[in-house]
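# Close look at the chain arrangement
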Amino acid sequence: MLFRFFFIITILIFVFIRPAYSQYTLSGKILNERTKEPVEFAVIANTDNGLWAISNNKGFFSILLPVQKNTLIISCLGFAKTTTVIAFHSKSLSNQIYYLKENNLSLKEVVITAKKKEEEITTAYTIDRNALTHAQMNDISDLMTQLPGGQTNSETSITSKQQIILRGESSDIDNPAIGTAIEVDGVRLSSNSHFSYSSDGSDGIEGLDIRNIAVNNIESVEVITGLPSVENGDLTAGLIKINTRKGKAPYEIEVVTKPKIKSYSVTKGFDLGPKRGTLNASLEYTRSISERVSPYTTYTRNNMSLTYCNTFGKKGQPIDLSYGLTSNFGGYNSESDPDMFVGTYKKRNDYVVRTNLNIKWLLNLPFLTEIDFSTSVNYSDRKKEEKDKKDKSASSASIHSTVEGYYISQDYDEKPDAEVITIPASDSYFEIEYDDDKPVTYSAKLKANWFHKKGEINNKLKIGGEFTYSGNYGRGIYYDDMRYAPEWREFRYDEQPFIKTYSLFAEDKISFPVWDKQMEIQAGVRSDITAIKGSEYGVAQGLSPRVNARYQLYQNNNTLLKNVKLHVGWGDAIKLPTSNVLYPRPSYADLLTFKTSANESGTEQIYAYYTIPQTTIYNEDLKWQRRRKLELGADFKLGKTKVSLTAYRDKTFHPFQKDGTYEPITYNFTDGTNIESSIPDKNRVYCIDQTTGVITISDKTGTYASETLSYTTKERFDKKSYYSNGSPVIRKGLEWIVDFGKIKALKTSVRIDGSYYHYKGVNETLIEYTTPGNLSSDGSGSYYKYVGIYVGGDAVSNGTETKKINANVTLITHIPAIRMVVSCRLESCLYNYMQRLSEYSKGTRSYVLDNANSYFPSDDNGSIYKGNHYVITYPLYYKSMDDMDTQIPFLEKFTWAKENDEGLYNDLAKLVERSYNDYYFKANKYTPYFSANINLTKEIGKHLSITFKATNFFNNVSRIESSQTGNESSLYNNSMIASFYYGMSMKLKL
């Protein structure tokens, strides 16, 4: 269907193409205001209708415009943007001269904070190069500091994984990190095809590690926290667009030094000559250490990028072409750290190759304004290598069987491919594990834009399609010595099918007057069709409608209240599942069925296991994770003060989670201790029937007849995993920016920004849990035979509620005469609240106890959230191995068993969960805490600039109090605020 759409669009273009209809023509030159020299590669754009032109090597440009009055934005690398309004009195306007000012600190206005993007209907912010340089970022996660209520990252190195979460926190149960989409020059970065498991056990449901994105070559960043255009899919939280430098530019050599980070970079924009375009090149080397006292565990970033840009046919219907190639070769390495055990280490590659091509053709026809085609390839090598020391005072077994059945251990030297290998006793040995993870994503997008004006109604239509093809070329987990591969089975990532996603989108942006004020509405819908070859999920489709509207309620420059703008947004955003959800790694249950005593069979013991493959169950009810977003905002200007307020409410439906169900299994167990046999220990050969598990001993000398050992049949649980959807999660918040403008006498501006964030997540899905390795309480030696069915899991709590108010005050002093800007930022957390929850909409989930050792609720049945007391949680139901189809109400049966069946009572008591302290559910509020940062940027002439940064420069080590415990803790080395550190950078322009 998508290819049919592409075909129809192409036919329309080439069959019906004809000369442009009558329009207004604007022509002129773009000049450098200081030198009066022509500015080449300047972009002259009208964002209202999508029309644009690019100046040539003489600074000349010509652009066709469809309406009499137009607002144009002129921009070029190295120059400040300028906005001009053009009004035509005839069909053409020629010989116009426009001057661009060089972008440096001698300008009257320099923005070093995130700026609200006024041309966007939704909530979006731009952060330009001046702000990025002044902030002295470690990586792009530092962008979060620029947003309303943003706080400085407490991590001063990049040796650990760095992620970006918009309007959420890492502790939220709906995996918020996967919902933040990131693009670099239109290339979508994704973790969808990662297979390797993260250290936190998230099974591949994890966000993107953004450390490999170089920061030296970023020209600007756009952060969309509201509802983005339907052109953008596979996201729930928001979108970050990173734009690198494009165009002619001098050499820039930069050195950055911080206590835990050193960085060196060089960039250059080459003019290849008339009609040959430009080539931007960038190199960056960054090295970060984990601790200054032990600077051996490191993360390195070696980044190289090339971007070629050119415009063909500049008159009439120009074609703009951009091609980029980016690579990074670096990663994490602890091999040289002397604090680790000698010979042990951890390594992980962070190799990246990204390439992209973008072609824009400005047709400027009555029925088609522009077509835009882009394609990209994003390949990563995340191979991990870990060498660990193992101590084995007794022999053990390495299990590699993949087919259900019984297997007995064999010596590696005799049969290296055996399903179970005996690991001989050893004082120590080294185990080297590799995880070869090589995700790749291919994508292509084609869209058509059409602008039409009729009277006072402006209409801008966008229609397009996108195709992504993602998978993994990695080998998976493997070991250098198979005798030391514990419970390992090969699962090759490169043998899993690739995922194909076809997307179609259509969106219309219309503006028209209402009561003499301008109304803008942007409405669209996106359809994502995921073809999952080799998966039982087959083909899945998700539909995402989105609407944004803005209205100019009031405007009068002659009054104190200058203007008021209102905006509203509503719609859905869908997150596609990861490869680990669609093609889960199979697991295995390995049950020990036989083990000889340590003094038998010479020096090594013999082991036998019963292997049961536990492939994840297909869940026909699994739905794609969806977030419904509602946003209301107001922007107004009161005198010189600009105020922006945004309120939002997001509800996440169907968050991905991994669950399991238990099934009873039977197997045959042979007691290997004190075997009575006439065959001497040294001559025994053990064999096992793969189907029945019966052990046979034979005499390798042939003197004695073979003997069959007796066995017993045991029953226990086997867990089958599956991916499911959790309960909805709700977020609410308010964000504000108050910009008081500049106090001219002090050359200082004051800005206050902040945010209120409220999150509540409670999981009410029914989840099974048991303790399959435990024995029954009846003394029979049989395994535990009960499974609890809990509301939201077997923990005492099944959710959390958090509230936080952050407020920041920024003083910015800019002195153009000496080309210097200084900012002082006071960051504060005025309210920090967290409470664990135990809730069930259909009943009570947890109860108050009279004392810590009780198993039954208190008689007063008080609230679990009030007072200091222990709390107990029961399963809602339980079921027995004897009857897995019947769910028995737990508390009722547990109460009965206390008086009537001691064995059942003791067994069911193992399913009861209790809080480990008496303040577990008590709300926790911290007293307010503060931190202050200072940044200074100074340009020395035209060629040298220096930036100084001091984070938490007061070195705040005051104490904060927790209302939950009443205890105080120091802010020193506390993750709530950034630690004191300083940094300096020097940039040389040649």
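The model shown is predicted, which means the values in this text are computed figures rather than measured ones. (Residues numbered from 1 in each chain as written. Predicted model: local features only at pLDDT ≥ 70, side-chain atom pairs only at ≥ 80, totals over all residues. Heavy atoms only, no water.)

### Some words on the overall build of the chain
For the chain, the count of helices and strands is five helices and 60 strands. In the chain, buried positions account for 53% of the 990 residues. Approximately 44000 Å² of the chain is accessible, and the part contributed by carbon and sulfur atoms is 53%. Taken as two groups, the 117 positive and 114 negative side-chain charges of the chain have centres that lie 13 Å from each other. (Helix = DSSP H or I, 4+ residues; strand = E, 2+ residues; numbered from the N terminus. Buried < 20%, exposed > 50% of the residue type's maximum accessible area, 1.4 Å probe, protein only. Areas by Shrake-Rupley, 256 points an atom, 1.4 Å probe, with all protein chains shown as cover. Lys, Arg positive; Asp, Glu negative; His and termini not counted. Charge placed at Lys NZ, Arg CZ, Asp CG, Glu CD.)

### Observations concerning the sheet that holds strand β40 (residues 684-688)
Strands sit in the order β40-β41-β42 across an open sheet of three strands; the sheet is antiparallel. The open sheet terminates on both sides in strands that have one partner only, identified here as β40 and β42 (707-708). Inspection of the sheet shows β40 paired to strand β41 (residues 695-699) by five bridges, in the antiparallel sense. Bridge pairing in β41 places Ile-688 opposite Ile-695. (Pairing = 2+ DSSP bridges.)

### Considerations on the sheet that holds strand β13 (residues 238-244)
Adjacent strands of a sheet pair through backbone hydrogen bonds, lying either parallel or antiparallel. Pairing within the open sheet is mixed, and its six strands lie in the order β8-β9-β12-β13-β10-β11. Taken across any chain shown, the strands that pair with only one partner, and hence form the sheet edges, are β8 (115-116) and β11 (187-189).

### Remarks on unusual backbone geometry
Of note, the phi angle at Lys-36 is positive, near 65°, even though the residue is not glycine. With respect to the element layout, Lys-36 can be found in the loop between β1 (24-32) and β2 (43-46). Accessibility expressed as a relative area gives 47% for Lys-36, which makes it partly exposed. The phi dihedral of Asn-973 is positive, around 55°, even though this residue is not glycine. Note that Asn-973 resides in the loop between β59 (968-970) and β60 (981-989). According to the relative accessible area criterion, Asn-973 is exposed, its value standing at 64%.

### With respect to helix α4 (residues 890-900)
Helical geometry: 3.6 residues make up each α-helical turn, so side chains three or four residues apart lie on a common side. For α4, the set of buried residues is Phe-890, Phe-894 and Ala-897. Relative to the axis of α4, the buried residues are bounded by an arc of 65° and lie together on one face. Exposed and facing more than 90 degrees away from the buried side of α4 are Glu-892 and Glu-899. Elements that come into contact with the buried residues of α4 comprise β52 (877-880), β53 (883-889) and α5 (902-908). (Arc of directions from axis to C-beta. Contact = heavy atoms within 4.5 Å.)

### Brief notes about the pairing of β41
Across a regular strand the side chains alternate sides, sitting on one face of the sheet and then on the other. Here β41 shows one buried face, formed by Ile-695, Ile-697 and Asp-699, and one open face, formed by Thr-696 and Ser-698. If you look at the hairpin formed by β40 and β41, you'll find six residues sitting between the two strands, and Gly-693 has a positive phi there, around 80°. Pairing analysis gives two bridges linking β41 to β42, with the strands arranged antiparallel. Note that in β42 the partner of Ile-697 across the bridge is Glu-707.

### Section: a nonpolar patch on the surface
On the surface, Tyr-251, Ile-253, Phe-270, Leu-272, Leu-988 and Leu-990 cluster together to form a nonpolar patch covering roughly 480 Å² of accessible area. One can find Leu-272 in the loop between β15 (261-271) and β16 (278-289). (Patch = residues over 30% accessible without salt bridge, like charges linked within 9 Å, V, L, I, M, F, W, Y side chains within 5 Å. Salt bridge = Lys/Arg side-chain N within 4 Å of Asp/Glu carboxyl O.)

### Some points on the environment of Lys-642
Tracing the backbone through its elements, the reader meets Lys-642 in strand β38 (residues 641-653). You can call Lys-642 partly exposed: its relative accessible area is 43%. Through-space distance from the C-alpha of Lys-642 to that of Asn-557 is 13 Å; in sequence the pair is 85 residues apart. If near-sequence neighbours (up to four positions away) are discounted, Lys-642 is found in contact with Glu-118, Phe-636, Lys-637, Ile-737, Val-738 and Asp-739.

### So, a positive patch on the surface
A contiguous patch of positive charge on the surface is contributed by Lys-101, Lys-108, Lys-640 and Lys-744. Structurally, Lys-640 is set in the loop between β37 (625-638) and β38. When its relative accessible area of 59% is taken as the criterion, Lys-640 is described as exposed.

### Here's the deal with the nonpolar core
Nonpolar side chains tend to gather and get buried jointly when the protein is soluble and globular. Grouped together as the largest cluster of nonpolar side chains are 27 residues, with contacts concentrated most on Ile-140, Ile-182, Val-221, Ile-240 and Ile-242. Within the residue set of this core, elements represented by two or more residues are β9 (124-128), α2 (129-135), β10 (180-184), β11, β12 (218-224) and β13. Excluding residues that lie within four positions of it along the chain, Ile-240 makes contacts with Leu-143, Ile-164, Leu-166, Thr-180, Ala-181, Ile-182, Glu-183, Val-221, Glu-222 and Val-223. (Core = buried A, V, L, I, M, F, W, Y, C linked by side-chain atoms within 4.5 Å.)

### Overview of the confidence of the model for the chain
Per-residue pLDDT for the chain has a mean of 88; in total, 95% of the residues score no lower than 70. Considering only residues more than four positions removed or in separate chains, one finds that residues 1-22, a stretch of pLDDT under 50, has 40 contacts. Confidence over residues 198-202 falls short of pLDDT 50; this stretch has one contact with residues more than four positions distant or in other chains. (pLDDT = per-residue confidence, 0-100.)

### Digging into the state of the cysteines
Under the definition given, this model contains zero disulfides. For Cys-76, which is in no disulfide, the shortest distance to another cysteine sulfur is to Cys-309 and amounts to 11 Å. For Cys-76, a relative accessible area of 14% puts it in the buried group. Looking at Cys-824, it has no disulfide partner, and the nearest cysteine sulfur is the one in Cys-829, 19 Å off. For Cys-824, a relative accessible area of 29% puts it in the partly exposed group. (Disulfide = S-S within 2.5 Å.)

### A few points about the packing of aromatic side chains
Per the counting criterion, the structure on display carries 36 aromatic pairs. Centroid distance Tyr-406 to Tyr-610: 4.4 Å. Interplanar angle 15°. Geometry classified as stacked. On the criterion of sequence distance, the pair formed by Tyr-406 in strand β25 (residues 405-408) and Tyr-610 in strand β36 (residues 607-614) is long-range, its members being 204 residues apart. Aromatic rings pair up to connect Tyr-784, Tyr-786, Tyr-847, Tyr-855, Phe-856, Tyr-874, Tyr-878, Phe-890, Phe-894 and Tyr-905 into one cluster. Between the NZ or CZ atom of Arg-475 and the centre of the ring of Tyr-478, over which it lies, the distance is 3.7 Å. (Phe/Tyr/Trp six-rings, centres within 6.5 Å; stacked < 30°, edge-to-face > 60°. Lys NZ or Arg CZ within 6 Å of the ring centre and 35° of its normal.)

### With respect to the pattern of salt bridges
By the definition in use, this model includes 49 salt bridges. Taking the shortest distance from any N to any O, the salt bridge between Arg-526 and Asp-528 comes out at 3.0 Å. Asp-528 matches Arg-526 in its accessibility class, with the two residues each being buried. Counted as one network, the salt bridges with shared partners bring together Asp-172, Asp-174, Arg-627, Lys-629, Asp-650 and Arg-731.

### Comments concerning the pairing of β10
Within β10, five of the five residues are buried, leaving the element largely enclosed by the surrounding structure. Side chains of β10 alternate between two faces, with Thr-180, Ile-182 and Val-184 and Ala-181 and Glu-183 buried alike. With five bridges connecting them, β10 and β13 associate as parallel partners. Note that in β13 the partner of Glu-183 across the bridge is Lys-241. In textbook terms, the turn of a hairpin is the stretch between consecutive antiparallel strands, and for β10 and β11 this stretch comprises two residues, one of which, Asp-185, has a positive phi near 50°.

### Describing the side chain of Asp-142
Within the secondary structure, Asp-142 is located in the loop between α2 and β10. Excluding its chain neighbours within four sequence positions, the residues that come into contact with Asp-142 are Met-137 and Asn-153.

### A look at the environment of His-758
Within the element layout of this structure, His-758 appears in strand β45 (residues 748-762). Between the C-alpha atom of His-758 and that of Arg-731, which follows or precedes it by 27 residues, the distance is 5.7 Å. Residues in contact with His-758, not counting those within four places in the same chain, are Ile-730, Arg-731, Lys-732, Glu-801, Thr-802 and Lys-803. Side-chain polar atoms of His-758 contact the side chain of Glu-801, separated by 2.7 Å. (Polar contact = N/O pair within 3.5 Å; in protein donor to acceptor, adjacent residues only side chain to side chain.)

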